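Residues per chain, in single letters:
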Amino acid sequence: MKKVILFDIDGTLVRDEGSAGGAFLLAFKTIFNKDISTVKVSKAGRTDVAIIQDVAQVTLNRPLELEELILLNNLYIDNLTNNLISNSTMQSIPGALELVTKLHSLGDLLLGIQTGNVEQAAWLKLKHCQLDHYFSFGGFCTGQHERHLIVKSAIDQALHIDPSNTKENILIVGDTPHDITAAHENGVSSIGVTTGHHTSEELLQAKPLGVVENFMNIEEFLNFL
Ligand SMILES: [Mg+2]
């Protein structure tokens, strides 16, 4: 029975100053001829589709239809691919690559992803930061758009990979209260990390198992396992 660790991506494993955001802005402008660079919607810890629908509501006064979401997603993925090749501001969070490499080397852990990204974007980001080959499965904003359902999907896959496993062995790692709340909603434990936009106090209010400042101290993280 392997302990399962499910990592969030944005703000937890990966930091980005505009590669993904720029890809989305360009896709939206191309399709709807609207510049959304000044639109303010809450993003941290939320799912791609929830963010997109907020943007659509503010700029178009309506939610997007499924066909529009698919078209927008395809163009976003194309733009993100191009941005990561030509002008990327995306990089792994300091210490994240070393931590994941260490966890993978231990051999008795199953590493997965739980993220609000659509699946293609998630793997593009992980691959760009040389993190992709440490993860074999995950829950993504593809098929379900709520964080707790994304986490449930990742948990279900982990339990399918190792049917002898139980929820007591599953740990969520994320940089927002949404990650921690989604862990609670699924009956699993969590660790908050302050590498995103949330403080230790904000994360502790959601009642994780604990909070770490970053992943530079691998031993500190291992103490939670
Ligand atoms: Mg995050």
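Residues numbered from 1 in each chain as written. Predicted model: local features only at pLDDT ≥ 70, side-chain atom pairs only at ≥ 80, totals over all residues.

*Asks:* Any chance you could explain the overall build of the chain here in plain terms?
*Replies:* Secondary structure summary: the chain contains 9 helices and 8 strands in total. Taking 2.2 N^0.38 as the reference for a compact globule, 225 residues should give roughly 17 Å; the C-alpha atoms of the chain span a radius of gyration of 17 Å, in line with that estimate. In terms of overall dimensions, the chain has a C-alpha envelope of 50 × 35 × 35 Å along the principal axes. Split into buried and exposed, the 225 residues of the chain put 43% on the buried side. In the chain, the proportion of contacts linking residues at least 24 apart, taken out of those at least 6 apart, comes to 62%. (Helix = DSSP H or I, 4+ residues; strand = E, 2+ residues; numbered from the N terminus. Rg over C-alpha atoms; globule rule 2.2 N^0.38 Å. Buried ≥ 20, exposed ≤ 12 C-beta atoms within 10 Å, placed from the backbone. Contact = placed C-beta atoms within 7 Å.)

*Asks:* Help me out: how do you make sense of the nonpolar core in this one?
*Replies:* Note that soluble globular proteins tend to have their nonpolar side chains buried in a common cluster. Within the largest apolar cluster, 60 residues are counted, with the highest numbers of intra-cluster contacts made by Ile5, Leu6, Val151, Leu171, Ile172 and Val173. No fewer than three residues from each of domain 1 (3–16 + 91–222) and domain 2 (19–86) sit in this core. Residues in contact with Ile172, not counting those within four places in the same chain, are Leu6, Gln114, Val151, Asp179, Ala182, Ala183, Val188 and Ser190. (Core = buried A, V, L, I, M, F, W, Y, C linked by C-beta atoms within 7 Å. Domains from an automatic or database assignment.)

*Asks:* I would appreciate a short explanation of the domain arrangement of the chain in the present structure.
*Replies:* By a widely used convention, the size of an interface equals the accessible area lost when the partners come together. You can read the domains of the chain as domain 1 (3–16 + 91–222) and domain 2 (19–86). On a C-alpha basis, the centroid separation for the pair domain 1 and domain 2 is 24 Å. At the interface, 20 residues of domain 1 touch 14 residues of domain 2. Going through the elements one at a time, helix 5 (119–128), helix 6 (147–161) and helix 7 (177–185) are the ones with two or more residues in the side of domain 1 that touches domain 2.

*Asks:* How should I be thinking about the packing of helix 3 (residues 66–86) against helix 5 in this particular structure?
*Replies:* Helix-helix packing is described using two parameters, namely the angle between the two axes and the distance between the axes. At a closest axis distance of 10 Å, the pairing of helix 3 and helix 5 adopts a crossing angle of 5 degrees. The pairing of helix 3 with helix 5 is recorded here as roughly parallel in orientation. Two secondary-structure elements touch here, helix 3 through Ile77, Leu80, Thr81 and Leu84 and helix 5 through Gln120, Ala121, Leu124 and His128. Residue composition of the contact of helix 3 with helix 5, by class: 5 nonpolar, 3 polar and no charged. (Axes fitted to C-alpha atoms, helices over the stretch in contact; angles between N-to-C directions. Parallel < 35°, antiparallel > 145°, perpendicular 65-115°, else oblique. Nonpolar A, V, L, I, M, F, W, Y, C, P; charged D, E, K, R; others polar.)

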